Amino acid sequence: MTDGYKTLAREASDSFIIKKSRFCGYASPARSQEEALDFLARVRAATKDANHHCYAYIIGRNAGIMRYSDDGEPGGTAGLPILETMKARGVVDCAAVVVRWFGGILLGTGGLARAYAQGAKCALDAARVVTMEDSVRFYAEVPYALWDKLDYALASMPVVREDVEFSTAVLATLTVRKRDKEPVFERITSATEGRATLLELEEIVRGWE
C-alpha cells in the first residue's frame, strides 16, 4: 500500500528572462539516482550552449537521497534554492534542472537564488505535482437509457474516466482511489437504479492532483 507520496506527473519545462539572462527549468519523475542523472544528461545535451546546468534531485519516498549542484554559480545560489523549492512542495522521486544562458548583467547572490528558485517552481508547475495513491480501475456497464443520468452523476464523483464504449450497452472504464471505491460504487448503483454492472479490473498506483 502506498502512503500518498507526492511526485511529478510527467517531464516538462518552462522558461523566463531576468535582466537579459534566460532561465529554463526542467523537471521529471526519477525513481533512482541513475534516472535523475540520465535526465540531467539529456537536458545538458539539448542545451549545450547554456552557461550553467544547476540541478537537484530527491530519491526515495522518505527523501533518503538528496543531491544538488551549483554548476559554477556562487556556492548556495543555485542548486540549494532548487532543492529547497522541491522540499517545500513535498515532492520525491524526481529531479529538477535549471539552465541559465548568461545575459551579461550580474544578478548578485540574492538575485541568483531567487531566479533559480523561480526556475524550479516553473518546472514543477509545468510537470504537475501529483499524489500517488492506491487506486482501482473498473468497468461500469449500463443500459443506454441510463447513460445520460450516470454521465451527469460521474461529473461530481472523484473518478477518472479513461474510456467509454458504446455497444449493446454503454461500457465505461473508470479509475477511483481505493479509499473512495465503496462510496463511488454506491453512488453509481443509486444513479443507475441498481442496473449498473461493476467489475473491478486491477489495482494500480496512480497520481492524483
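Scroll up to find the structure this text is about.
Structural notes, computed from the coordinates.

How each quantity is defined
- Residues numbered from 1 in each chain as written.
- Predicted model: local features only at pLDDT ≥ 70, side-chain atom pairs only at ≥ 80, totals over all residues.
- Heavy atoms only, no water.
- Pairing = 2+ DSSP bridges.
- Helix = DSSP H or I, 4+ residues; strand = E, 2+ residues; numbered from the N terminus.
- Axes fitted to C-alpha atoms, helices over the stretch in contact; angles between N-to-C directions.
- Contact = heavy atoms within 4.5 Å.
- Buried < 20%, exposed > 50% of the residue type's maximum accessible area, 1.4 Å probe, protein only.
- Arc of directions from axis to C-beta.

Thoughts on the sheet that holds strand β3 (residues 21-29)
Step number 1: Across the sheet, which stays open at both edges, the five strands sit in the order β2-β3-β6-β4-β5 with antiparallel pairing between neighbours. The strands lining the two open edges of the sheet, one partner per strand, are β2 (12-18) and β5 (65-69). Across the sheet, the mean angle from the axis of one strand to that of its neighbour is 10°, orientation sign disregarded.
Step number 2: The pairing of β3 with strand β6 (residues 94-101) spans eight bridges and is classified as antiparallel. Bridge pairing in β6 places Cys24 opposite Val99.
Step number 3: On top of the sheet, helix α1 (residues 33-46) reaches β3, β4 (52-59), β5 and β6; it is set at about 160° to β4, its chief contact.
Step number 4: Packed onto the sheet, helix α2 (residues 79-89) meets β4, β5 and β6 and runs at close to 35° relative to β4.

Here's the deal with helix α4 (residues 144-154)
Step number 1: Of the positions making up α4, those classed as buried are Leu146, Trp147, Leu150, Ala153 and Leu154. Across the axial projection of α4, the buried residues extend over an arc of 130°, all falling on one side. When the buried face of α4 is taken as reference, the exposed residues oriented beyond 90 degrees from it are Ala145, Asp148 and Tyr152.
Step number 2: Lining the buried residues of α4 we find β7 (129-142), β8 (159-166), β9 (170-177) and α5 (181-191).

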